[in-house]
Amino acid sequence: MRITARLVTVSALLSLAACASHSAYGPDSNDRLDDSISASKGGSSVDAAALMALNCKEQDKMLAAANLETDEKKKLITLGKAYEAAKANFTKLDEAASSQTDLLYGKEGDTIKANLEGCRDTSASAYSAFDRFTRELIDMPVVQEMQNKKMINVARVDFATLRTAIDKLGATDREVLMNRLSAVEPSLGQPL
């Protein structure tokens, strides 16, 4: 009987020791705070440095160069690249700012906010310029050229490039724009 009493006493002490070392409700507030601080220190400095370097200055230069470009195909391609790159940079910055709001309030916060705002503006400007130029080309996709003493229809920009631009735009009237190109395509190379 004495062995049973000792066994019960030892079991009770062991279970009390186990309960004291770990709360049934999870870690206490100090442990949670320490864990979150160490996690944010480990990840945010790298993220903050990457976000500080992520801006849309290169896309601004591309937009300026596209405005000076006389070759319409090159201009369309440059506008498309500028839009896609600015949109990607803005999306990365916006997702990081949304998921790690503490980055906006640290010492790097002003730079990250400026990059976010700059990429938002550049993305909107690039989309507007790209959309406007693509629609201009679709409104008048064919020009007339003199070949062998005859006027014939010639595409301003090859239709494959225009179709790629329409896909990049992601416009709600994509099908309408594609159908307009398809309707004009048979007239290419035909004499007037």
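Residues numbered from 1 in each chain as written. Predicted model: local features only at pLDDT ≥ 70, side-chain atom pairs only at ≥ 80, totals over all residues. Heavy atoms only, no water.

Student: Is there a simple way to explain the overall build of the chain in this structure?
Tutor: Counting its regular elements, the chain contains seven helices and two strands. Counted from the first residue to the last, the chain has its helices and strands arranged as α-α-α-α-α-β-β-α-α. Residues counted as buried form 29% of the 192 residues belonging to the chain. Considering only contacts within the chain whose residues lie at least 6 apart along the sequence, 68% involve residues at least 24 apart. In the structure as shown, the chain presents an accessible area of about 12,500 Å², 56% of it carried by carbon and sulfur atoms. (Helix = DSSP H or I, 4+ residues; strand = E, 2+ residues; numbered from the N terminus. Buried < 20%, exposed > 50% of the residue type's maximum accessible area, 1.4 Å probe, protein only. Contact = heavy atoms within 4.5 Å. Areas by Shrake-Rupley, 256 points an atom, 1.4 Å probe, with all protein chains shown as cover.)

Student: Looking at this structure, I do not really get unusual backbone geometry. What am I missing?
Tutor: Most peptide bonds take the trans configuration, and most residues that are not glycine carry a negative phi. Positioned with a positive phi, N148 is a non-glycine residue whose angle comes to about 55 degrees. Look at N148 and you get exposed, because its relative accessible area is 75%. Positive phi outside glycine occurs at K149, with the angle close to 65 degrees. As for its placement among the helices and strands, K149 is situated in the loop between β1 (142-147) and β2 (150-155). According to the relative accessible area criterion, K149 is exposed, its value standing at 79%.

Student: Got a minute to help me understand the pairing of β1 in this structure?
Tutor: Side-chain direction in a regular strand flips from residue to residue, so the side chains alternate between the two faces of the sheet. In this structure, β1 lies alongside β2, joined through six bridges in antiparallel fashion. Note that in β2 the partner of Q144 across the bridge is N153. Taking the residues between adjacent antiparallel strands as the criterion, β1 and β2 are bridged by two residues, where N148 takes a positive phi near 55 degrees. (Pairing = 2+ DSSP bridges.)

Student: Can you walk me through the pattern of salt bridges in this structure?
Tutor: It is possible for side chains of opposite charge to pair when their charged atoms get near one another. Within the structure shown, the criterion is met by ten salt bridges. Between D131 and R135 there is a salt bridge whose closest N-O contact spans 2.8 Å. Highlighted residues: D131 and R135, both in helix α5 (residues 109-139), separated by four residues, approximately one helical turn. For D131, a relative accessible area of 16% gives the class buried. Judged by its relative accessible area of 24%, R135 falls in the partly exposed class. Across the pair D167 and R174 runs a salt bridge whose closest N-O atoms are separated by 2.7 Å. (Salt bridge = Lys/Arg side-chain N within 4 Å of Asp/Glu carboxyl O.)

Student: What exactly am I supposed to notice about the state of the cysteines here?
Tutor: In a disulfide, the sulfur atoms of two cysteines are held together by a covalent bond. Applying the stated criterion across every chain, the model contains one disulfide. C56 shares a disulfide with C119; S-S distance 2.1 Å. The chirality of the disulfide connecting C56 with C119 is right-handed, given an S-S dihedral of about 110 degrees. You can see C56 sitting in the loop between α2 (29-53) and α3 (57-68) and its partner C119 sitting in helix α5, a full 63 residues away along the chain. Summarising the burial analysis for this pair, C56 and C119 share the class buried. (Disulfide = S-S within 2.5 Å.)

Student: Got a minute to help me understand the packing of α3 against α5 in this structure?
Tutor: Following both chains from N to C, one finds α3 and α5 inclined at 25 degrees, their axes separated by 10 Å at the closest point. Between α3 and α5, the angle is such that the two are roughly parallel. Read as a crossing pair, α3 and α5 show a hand that is left-handed. Residue-level contacts link Q59, D60 and L63 of α3 to T122, S125 and A126 of α5. Broken down by class, the residue content of the contact of α3 with α5 amounts to two nonpolar, three polar and one charged. (Axes fitted to C-alpha atoms, helices over the stretch in contact; angles between N-to-C directions. Parallel < 35°, antiparallel > 145°, perpendicular 65-115°, else oblique. Left-handed = near helix turned anticlockwise from the far one by under 90°. Nonpolar A, V, L, I, M, F, W, Y, C, P; charged D, E, K, R; others polar.)

Interpretation in functional terms is not warranted from these geometric data alone.
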